[in-house]
Amino acid sequence: MARSSSGGLSGQILVPAAHRRDLFGLWRQALGLEEATEIPSGTGMPVYLHARGVRSGVTVRIAATVFDDEEDGR
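Predicted model only: the values in this text are computed from it and were never measured.

Draft legend 1. Geometry of the pattern of salt bridges. The final tally for this structure, using the stated rule, is two salt bridges. Across the pair Arg-21 and Glu-38 runs a salt bridge, and its minimum N-O distance is 2.9 Å. Residue Arg-21 is located in helix H1 (residues 17–31), and its partner Glu-38 is located in strand E2 (residues 35–40); the two are separated by 17 residues in the primary sequence. Among the residues examined, Glu-38 registers a relative accessible area of 49% and is labelled partly exposed.

Draft legend 2. Examining H1 more closely. Between its terminal C-alpha atoms H1 stretches 21 Å, which fits the 21 Å expected from 15 residues at 1.5 Å a residue. For H1, the complete set of buried residues consists of Ala-17, Arg-20, Arg-21, Phe-24 and Leu-31. Phi turns positive, to about 65°, at Gly-32, one or two residues after H1.

Draft legend 3. Molecular detail of the environment of His-19. Tracing the backbone through its elements, the reader meets His-19 in helix H1. In this structure His-19 comes out as partly exposed when scored by relative accessible area, which is 46%.

Draft legend 4. Structural context of the nonpolar core. Core analysis: the largest hydrophobic core is formed by eleven residues, namely Ile-13, Phe-24, Leu-31, Leu-33, Val-47, Leu-49, Ala-51, Val-60, Ile-62, Ala-64 and Val-66. Mapped by element, the contributors of at least two residues to this core are H1, strand E3 (47–55) and strand E4 (58–66). The dominant element in this core, judged by the number of residues it contributes, is E4, at four residues.

Draft legend 5. Main features of the side chain of Ser-41. Mapped onto the elements of the fold, Ser-41 is located in the loop between E2 and E3. Excluding residues that lie within four positions of it along the chain, Ser-41 makes contacts with Pro-46 and Tyr-48.

How each quantity is defined
Residue numbers here run from 1 along each chain, matching the order of that chain's written sequence. Only residues with pLDDT of at least 70 get local features here, since the model is predicted, and only at 80 or more are side-chain atom pairs given and counted; chain-wide, interface and lining totals rely on the full set of residues. By convention in this description, side-chain values take in all heavy atoms of the structure and omit both hydrogens and water. Note on definitions: salt bridges are taken to be side-chain nitrogens of Lys or Arg within 4 Å of carboxyl oxygens of Asp or Glu. A helix here means a DSSP run of H or I that spans at least four residues, while a strand means a run of E at least two residues long, and both kinds are numbered starting from the N terminus. Exposure is judged per residue with a 1.4 Å probe applied to protein chains only, and the accessible area is read against the type maximum: over 50% gives exposed, under 20% gives buried, and values in between give partly exposed. Expected helix span is taken as 1.5 Å per residue step, with the number of steps being one fewer than the number of residues. The definition of a nonpolar core used throughout is a set of buried Ala, Val, Leu, Ile, Met, Phe, Trp, Tyr and Cys residues joined through side-chain atoms within 4.5 Å. Residue contacts follow a heavy-atom distance rule, with two residues in contact if any of their heavy atoms lie within 4.5 Å.

Written out as structure tokens, the structure is:
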């Protein structure tokens, strides 16, 4: 009988708003997560960032909520 197992790791970036987008990018790069999305809320603020990938057979996901009007003046 074949058995399978799976594991996962998820994290949420909880730093002051002004640093979330940058820290999200650093974590994404460090973890080698290529699949990333930005989803604006219905009002356009906030923006939800998500990235996922598989590292050594483990699914890894990170997420952050950013408020671009406060971060970079857009």
